[in-house]
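A closer look at the structure
Each chain, letter by letter, is given below.
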Amino acid sequence: MNIVKYSKFYFIFSGLLILTSVIFLFAWGFKLGVDFTGGSLLELKFIQKEPKISELRKEINSVLGTDFTLQESGEKGIILRAKNITEEEHQEIIDTLGGKDEVIEERFEMVGSVVGKELRRSTMIALILALFFITIYVASAFRKVSKPIPSWQYAIAALIALFHDILITCGAFALFGKFLGIEVNIPFVAALLTILGYSINDTIVIFDRLREHIVREDETFGNIVNISIKETFARSLFTSITTLLPLFAILFFGGETLFPFVLALIIGIFFGTYSSIFIAPPVLYSWIRLKEKRSS
Amino acid sequence: MLRDWILVILVLAITVVGGLFAIPGNIAKKINLPVPEQFEKPFKLGLDLQGGTHLLYEADLSGIKKADWEESANGLRDVIERRVNLFGVQEPVVQTEQTSKGYRLIVELAGIDDPAEAIKEIGKTPFLEFREEMSDAEKKKILNMLPPEQIEETIKQVEKQTGKKVKKEDVVDYLPLYTPTELTGKYLKSAKVDFSENTFEPYISLEFNAEGAKLFRDLTKKNKGKTLAIYIDNQMISSPTVQEEISGGKAQITGQFTIEEAKELARNLSAGALPVPIKLISQQTVGPSLGKVSIEKSVNAGVIGFLLVILFMILFYRLSGIFASFSLLFYGVLILSLFKLIPVTLTLAGIAGFVLSLGMAVDANVLVFERLKEELKEKESFDLAINNAFSRAWTAVRDGNITTLITCLILFLVSSGFVQGFALVLGIGVLVSMFSAMIITKLYIKTFSNTKLGKLEKLWTR
């Protein structure tokens, strides 16, 4: 197994993925959910009749005007989205559609725009804090190994892998938002943060092996990287599989509400595993090579 | 060696007993095991699972001096809390939350039938009224209309409180049955706190306007020798006995108040309204049926996920995998029991976090078993290889888990609601999994490797 030999190939592959993701993000951005933008969402289920969207549109029109979207959800269900439905309008809509005998209210969310804005800010803070502390932790975990590379370079390599995973997951969700209408909401952020932890976790296990070999052996750095990856390959694969198995169980059997959340986790953990093997160690290796070339 | 066997049996016993306790639906009851009452403890379910409504109000503090903001916000919370208690919701949540610009009020009502009605009630002004005792005939009538279970329940309660045996016919004596009168907060002129000259206990003195004074005089005249109940927001605050007819329009509310409580009550009463106006700025309501479906589906997913992980571990690590599965079972049972005991409010996200943690919990074991394979290649003795595998995998296990714990901690501190539940569950999961994977699995493997099984090295790993 010679991973470092083909470093360029992995870099190009991942580079293309990241580039595409960034383009998606700039072109389409996320389709933000109600929790971030503020606004309302009403999910109703009809007890008897199959709802006819066009008729319902007219009825809701009489309460809300034209500024809303209506879509079907499952059998006999509808989801109504609008900028701001007040409590009074909410009750009026239910009455208009036949009251409590006709419809069951499955879900109603109304988020003020101020609350949405605050939430966006606090999630940003959470992401930045998490990155900050993880960097500090990784740097300090590797403080004792400084040959042939200083410990902070481990941290940077791990962070590059991390950005790789996060960017690709985000890019995928920009794509899903554009074509499948999947929204980005608070659970998505939780998923991102979990990916953050997981991705680093995966990289650290390989780096941990690396630091064990560096202290003990007199191999070239490239060989040490290869040996370390080879020895940890099965474990990287297996821990990811054992994590992905229950996630797939939720994806297929866990119901709609958790779907986007789990999807994000699966994508992130998949790429997290990939990057911990094919990105983080090669980055470290290329770094050394670059230094060697410069000094010679 | 004996010690190890005792520990193994102990762990297995904990797994079985914990499993009976932790698994929903209580298997113990179903198979008619004689389990005590305390054994059955339900999970605490979040709003998204049992249905309910989450309301966020902004308190308008513009008319109030900044120094008094906190007090007003607390007053507001207490008023709303009293009102919310009327809805018969189990463990309602009423909290204030300080923001950079002022105060917010969070109200969570679980399993409520009619959120619209609740929202209406919450916005109302506090309601003071005086009620008089019903006649015995009326009480009897009501007693006959009550369902027998409720009467029994009341008897139990009364017996608990008084320590005396109570017959069904006598329940009326203990029932606080009052009927509303015309005298309400509408006729209130002022309310303030005074202190009793003898006991220094605080009480609230009320002053009625002319019309109210007349109503109060008639009421006290009619009910001399009986009790007169004072209700605020439909809740009885006190029920003093009327000694004599009172004219002049002054009344007192005494009760087990602290000075703070009395002050706040007086303040709320004289304001005649919520201490500050509130505005609903966010609302989330989940219907009970959606929650039920969510639970069923996620429990299914959890079981399937668990079985898949076990299958995988046994397939790839054989005997070691079997022992890892046993310790995963122990892990699951321990976590679920902790959720019940702490208790952790389980949300959909929490369940997802738990299912995810099932996969992550075997991470440490995978690390150890992979290491074990390597150690065995070095032709070490089996015993030594096991010891080395566990101790050498430890740094990686530790470092890997700490990053997850860091993210959990940040998620927990910075966020709220959905994410917080997820972070808490995942964090507890990571901590407990380190224990189960490093201590419990090791115990199983060490103990059983000393039996005849230990001679069959090939069986232990792939």
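Here is what the cut-offs are and how they apply
Residues numbered from 1 in each chain as written. Chains lettered and ligands numbered in written order. Predicted model: local features only at pLDDT ≥ 70, side-chain atom pairs only at ≥ 80, totals over all residues. Heavy atoms only, no water. Helix = DSSP H or I, 4+ residues; strand = E, 2+ residues; numbered from the N terminus. Rg over C-alpha atoms; globule rule 2.2 N^0.38 Å. Buried < 20%, exposed > 50% of the residue type's maximum accessible area, 1.4 Å probe, protein only. Contact = heavy atoms within 4.5 Å. Areas by Shrake-Rupley, 256 points an atom, 1.4 Å probe, with all protein chains shown as cover. Lys, Arg positive; Asp, Glu negative; His and termini not counted. Charge placed at Lys NZ, Arg CZ, Asp CG, Glu CD. Salt bridge = Lys/Arg side-chain N within 4 Å of Asp/Glu carboxyl O. pLDDT = per-residue confidence, 0-100. Expected span 1.5 Å × (residues − 1). Arc of directions from axis to C-beta. Pairing = 2+ DSSP bridges. Axes fitted to C-alpha atoms, helices over the stretch in contact; angles between N-to-C directions. Phe/Tyr/Trp six-rings, centres within 6.5 Å; stacked < 30°, edge-to-face > 60°. Lys NZ or Arg CZ within 6 Å of the ring centre and 35° of its normal. Core = buried A, V, L, I, M, F, W, Y, C linked by side-chain atoms within 4.5 Å. Patch = residues over 30% accessible without salt bridge, like charges linked within 9 Å, V, L, I, M, F, W, Y side chains within 5 Å. Buried area = accessible area lost by both parts, 1.4 Å probe. Polar contact = N/O pair within 3.5 Å; in protein donor to acceptor, adjacent residues only side chain to side chain. Nonpolar A, V, L, I, M, F, W, Y, C, P; charged D, E, K, R; others polar.

Across its full length, chain A carries 10 helices and four strands. Reading chain A from its N end, one meets helices and strands in the order α-α-β-α-β-β-α-β-α-α-α-α-α-α. A compact globule built from 296 residues would reach a C-alpha radius of gyration of about 19 Å, whereas chain A, at 24 Å, exceeds it by more than 25%. Residue burial in chain A is summarised as follows: out of 296 residues, 56% are buried. Considering only contacts in chain A between residues 6 or more positions apart, those separated by 24 or more positions represent 77%. As displayed, chain A offers around 13600 Å² of accessible surface, 63% of which is attributable to carbon and sulfur atoms. When the 29 basic and 30 acidic side-chain charges of chain A are each reduced to a single mean position, those positions are 14 Å apart.

The subject of this paragraph is the pattern of salt bridges. Opposite charge on two side chains lets them pair, provided their charged atoms get close. Applying the stated criterion across every chain, the model contains 17 salt bridges over all chains. With a closest N to O distance of 2.6 Å, R209 of chain A and E231 of chain A form a salt bridge. In this pair, R209 of chain A is assigned in helix 7 (residues 186-216) and E231 of chain A in helix 8 (residues 221-253), connecting sequence segments 22 residues apart. Its relative accessible area of 8% is what places R209 of chain A among the buried residues. A residue is classified by how much of its surface remains accessible, and E231 of chain A, at 27% relative accessible area, is partly exposed. With its nearest N and O atoms 2.9 Å apart, the salt bridge here joins R371 of chain B to E212 of chain A. Of this pair, R371 of chain B sits in helix 13 (residues 363-377) while E212 of chain A sits in helix 7, on two different chains.

Next up on the list: the confidence of the model for chain B. Residue and element names in this part refer to chain B. Summary statistics for chain B give a mean pLDDT of 80 and a share of 89% for residues scoring 70 or more. Within chain B, no element has a lower average pLDDT than helix 2 (residues 27-30), which sits at 61, and none a higher one than helix 11 (residues 288-341), at 90. Note on the complex model: pTM 0.77, ipTM 0.87.

The next thing to look at is helix 3 (residues 53-64) of chain A. All names here are of chain A. A rise of 1.5 Å per residue sets the reference length of helix 3, with its 12 residues, at 16 Å; its end C-alpha atoms lie 15 Å apart and thus fit the reference within 8%. Along helix 3, the residues that are buried comprise I53, L56, I60, V63 and L64. Each buried residue of helix 3 lies within a common arc of 70° when the element is viewed along its axis, so the set occupies one face. In helix 3, the exposed positions that point more than 90 degrees away from the buried face belong to S54, K58 and S62. Taken from the residues just after helix 3, G65 is the one with a positive phi, measuring 80°.

Moving on, we come to the sheet that holds strand 10 (residues 235-238) of chain B. All names here are of chain B. The strand order across the open sheet formed by four strands is 6-5-9-10, and the pairing between neighbours is antiparallel. At either end of the open sheet lies a strand with only one pairing partner, and these are strand 6 (178-184) and strand 10. Neighbour to neighbour, the strand axes of the sheet diverge by 45° on average, direction disregarded. Of the pairings in the sheet, the one linking strand 5 (residues 128-133) to strand 9 (residues 228-232) comprises five bridges and is antiparallel in character. The partner of F130 across the bridge, within strand 9, is I230. Taken strand by strand, helix 9 (residues 210-222) contacts strand 5, strand 6 and strand 9, and its axis lies near 150° from that of strand 6.

A separate point is the packing of aromatic side chains. In this description, an aromatic ring pair is defined by two values, namely the gap between the centres and the angle between the planes. Applying the stated rule across the entire model yields 29 aromatic pairs over all chains. Ring centres 5.4 Å apart and planes at 90° place the aromatic pair W28 of chain A and F179 of chain A in the edge-to-face group. On the criterion of sequence distance, the pair formed by W28 of chain A in the loop between helix 1 (7-27) and helix 2 (34-37) and F179 of chain A in helix 6 (residues 151-180) is long-range, its members being 151 residues apart. With a centroid separation of 5.3 Å and 80° between ring planes, the pair formed by F238 of chain A and F312 of chain B is classed as edge-to-face. On the criterion of chain membership, the pair formed by F238 of chain A in helix 8 and F312 of chain B in helix 11 is interchain, its members lying in two chains. The same class applies to F238 of chain A as to F312 of chain B, namely buried. In this structure an aromatic cluster arises from ring pairing among F9, Y10, F13, Y274 and F278 of chain A. Between the NZ or CZ atom of K340 of chain B and the centre of the ring of F43 of chain B, over which it lies, the distance is 4.7 Å.

With 87 residues, the main nonpolar core has F173, F207, L210, F221 and F261 of chain A as its most contacted residues. If you tally residues by element for this core, the top one is helix 7 of chain A, at 16 residues. If we skip the residues at most four places from it in the chain, F261 of chain A touches P187, A190 and A191 of chain A together with A352 and F422 of chain B. Residues V309, I386, F390 and I440 of chain B belong to the second largest nonpolar core, which totals 55 residues.

The next point concerns a positive patch on the surface. Residues K117, R120 and R121 of chain A together with K101 of chain B make up a contiguous surface patch of positive charge. Here R120 of chain A shows up in helix 5 (residues 113-141).

Facing the 62 residues of chain A at the interface are 58 residues of chain B. A combined buried area of about 5100 Å² lies between chain A and chain B, and 69% of that area is made up of carbon and sulfur atoms. Taken together, chain A and chain B are joined by three salt bridges. We note a salt bridge from E374 of chain B to R209 of chain A, for which the minimum N-O separation is 3.0 Å. Inspection of the chain A/chain B interface yields 14 residue pairs in polar contact (both at pLDDT 80 or more). For the side of chain A that touches chain B, the secondary-structure elements that each account for two or more residues are helix 4 (87-96), strand 4 (103-111), helix 5, helix 7, helix 8 and helix 9 (259-278) of chain A. Considering every element that reaches the side of chain A that touches chain B, the biggest residue donor is helix 7 of chain A, with 17 residues. Its residues assigned to classes, the side of chain A that touches chain B comprises 35 nonpolar, 13 polar and 14 charged.

Next up on the list: the sheet that holds strand 1 (residues 39-46) of chain A. One open sheet accounts for eight strands, arranged 2(A)-3(A)-1(A)-4(A)-12(B)-2(B)-4(B)-3(B); its pairing is antiparallel. The open sheet is flanked by strand 2 (68-72) of chain A together with strand 3 (93-98) of chain B, the only strands paired with a single partner. Shown here is a sheet whose adjacent strand axes are inclined to one another by a mean of 20°, direction ignored. Along the sheet, helix 11 of chain B contacts strand 4 of chain A together with strand 12 (278-286) of chain B; its crossing angle with strand 4 of chain A, the most-contacted strand, is approximately 90°.

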